[in-house]
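Observations on the three-dimensional arrangement
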Amino acid sequence: MGSLSDRVFAFSFSFNSIIWLTLFFAPYTSAIHAAFDDRFIGARAYAMGGASSAVMKEVDGLLVNPASISSISAQQFSATMAMLHVGLSDETSITQNLIAYANSHSKRGAVGLLWKRLNVSQLYAENQVVLGASKSYRIGSGGSRQFSIGASGKLLNWETVPTLDANGAVLEDLPGRSQLSVDIGFVFRSSTNIPIALSVQNLNSPRVASSSSPANESLPVQTTLGIGLLGSKSVWGMDLVFSRNEIDIAVGLEYRLHGDMLFVRSGFRLENLAWGTNLTAGAGFSPRERMRIDYGFVLPNGGIQSTFGSHRFSIVYDF
């Protein structure tokens, strides 16, 4: 594992690399607001503030960093259900559902397929179907370092119900839109316990405005730089997210207890350095060696408030 001084040097080098890459990629972010903007995926990442690009080992990492699915040992199935902003004063119900599968092989690489749906009181819905692949390579003297590269294609679709007047007549029937988006991602491990990640989402800036709208509303290019520290009983991660000339910071921590049967997690997400902080927490339980049940909770201190927070439940099964 190397001496303590070697580990401190490796972490210092990794962190400095993050800062330099931050300065390089920051000018390439877009200033256009759009939909399909949700970085919180499964309950594990949710509880860790969304700081997952470097430490993700679940198939739903396809939506954050497609290179991360190389960390899956064999096959994995994941399902997630979420209730967002519970207790809104207008009784709006916002739910998310996610189902994903990945097959990973040490030599051939990994492939993954994911479906995700957001539903707002049966009035508005977003769907994402994602197909991605990743491959890892051993580099350096004796293959001591690992480099993973991944890419994914996302079919994005949104739809709304018609707007009716008091008599039930249709006032507006806004047609939705389906578009393809492309992501790429990388994970570099200079040592086994310090992964560094880079991912770029929406490379092609797909147009998501209604087909009948003259507006040219497109998804912004989103760049994420991440770093992690993997201990014998803990995982720490940090992500810097650049999008629309904004910078978000996400930090999360996971600690394992009782022979890796219990997991305690916490984190926070600072939106655009000033808008507000989302505090997160959660836990996980592994009743079997290859099965885990996770719960994640987010309490917003900025943006949407006066709710009972957002809740997410996941089941992850490796086989």
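Our subject in this report is the structure included herewith. Values in this document were obtained by computation on a predicted structure and should not be read as measured data.

Here the focus is the overall build of the protein chain. When its secondary structure is counted, the protein chain shows two helices and 16 strands. Considering the protein chain as a whole, with its 319 residues, one finds that 48% of them fall into the buried category. For the protein chain, the share of sequence-separated contacts (at least 6 apart) that also reach a separation of at least 24 residues comes to 54%. For the protein chain, the accessible surface area stands at approximately 15,200 Å², while carbon and sulfur atoms represent 62% of it.

Below, the discussion takes up the pairing of strand S11 (residues 234–243). Of all the ten residues making up S11, eight are buried; the element is thus mostly covered by neighbouring parts of the structure. Taking the residues between adjacent antiparallel strands as the criterion, S11 and strand S12 (residues 246–257) are bridged by two residues, where Arg244 takes a positive phi near 55 degrees.

Okay, the environment of Ser211 next. Here Ser211 shows up in the loop between strand S9 (195–201) and strand S10 (222–230). Separated by 35 residues in the primary sequence, Ser211 and Gly176 have C-alpha atoms spaced 6.7 Å apart.

This next bit is on the nonpolar core. Core analysis: the largest hydrophobic core is formed by 13 residues, its most contacted members being Val59, Leu62, Leu63, Leu98 and Leu114. Dropping the residues within four chain positions of it, Leu98 is found in contact with Ile41, Asp60, Leu63, Ser78, Ala79, Thr80, Leu114, Trp115 and Lys116.

The residue Ser286 is located in strand S14 (residues 276–288) in this model. What makes Ser286 buried here is its relative accessible area of 10%. At 2.5 Å, the side chain of Ser286 and the backbone oxygen of Arg288 are in polar contact. Excluding residues within four positions of it along the chain, Ser286 makes contact with Asp260, Met261, Phe263, Met291 and Arg292.

This structure, assessed with the given rule, holds three cavities of 30 Å³ or more. Taken together, Ser53, Ala54, Met56, Ala67, Ser68, Ser70, Ser71, Ser148, Val187 and Arg189 make up the full set of residues lining the second largest cavity. Broken down by class, the residue content of the lining of the second largest cavity amounts to four nonpolar, five polar and one charged.

Scanning the entire structure with this criterion turns up five aromatic pairs. Ring centres 5.5 Å apart and planes at 20 degrees place the aromatic pair Tyr317 and Phe319 in the stacked group. Residue classification places Phe319 among the partly exposed residues on the basis of a relative accessible area of 37%. Through a chain of ring-to-ring contacts, the aromatic side chains of Tyr101, Tyr317 and Phe319 assemble into a single cluster. Cation over ring: Lys135 sits above Tyr137, and NZ or CZ is 4.8 Å from the ring centre. Cation over ring: Arg292 sits above Phe263, and NZ or CZ is 5.9 Å from the ring centre.

What counts, and where the lines are drawn
By convention here, each chain's residues receive numbers from 1 onward along its written sequence. Confidence filtering applies because this is a predicted model: local features only for residues at pLDDT of at least 70, side-chain atom pairs given and counted only at 80 or more, and all residues used for totals across whole chains, interfaces and linings. To obtain the side-chain values, all non-hydrogen atoms of the structure were included, while hydrogens and water were left out. Helix and strand labels come from DSSP, where a helix needs a run of H or I of at least four residues and a strand needs a run of E of at least two; each type is numbered from the N terminus. Categorising residues by exposure relies on relative accessible area from a 1.4 Å probe, with only protein chains included: less than 20% of the type maximum marks a residue as buried, more than 50% marks it as exposed, and the intermediate range marks it as partly exposed. For this analysis, residues touch if any pair of their heavy atoms sits within 4.5 Å. Surface exposure here means Shrake-Rupley accessible area, sampled with a 1.4 Å probe, where a residue is shielded only by the protein chains that are shown. Two strands make a pair as long as DSSP finds a minimum of two bridges between them. What is meant by a nonpolar core is a set of buried Ala, Val, Leu, Ile, Met, Phe, Trp, Tyr and Cys residues, joined one to another through side-chain atoms within 4.5 Å. We call two N or O atoms a polar contact when they sit within 3.5 Å, provided that within protein one can donate a hydrogen and the other can accept it, with sequence-adjacent residues counted only if both atoms are side-chain atoms. Here a cavity denotes grid points, spaced 1 Å and computed from the protein atoms alone, that fit a 1.4 Å probe unable to get out, and a pocket denotes an open set having protein on both sides within 12 Å along at least 5 of 7 lines; residues with an atom within 4 Å of a point are the lining. Grid points are joined across faces, edges and corners, and a volume is the space filled by probe spheres set on the points. Classes in brief: Ala, Val, Leu, Ile, Met, Phe, Trp, Tyr, Cys and Pro nonpolar; Asp, Glu, Lys and Arg charged; the others, Gly included, polar. Pairing of aromatic side chains requires ring centres within 6.5 Å, counting the rings of Phe and Tyr and the six-membered ring of Trp. Pairs whose planes differ by under 30 degrees are stacked, by over 60 edge-to-face, and all others tilted. Think of it as a cone above the ring: NZ of Lys or CZ of Arg counts as a charge over the ring if it is within 6 Å of the ring centre and within 35 degrees of the ring normal.

Keep in mind these values describe shape, not function.
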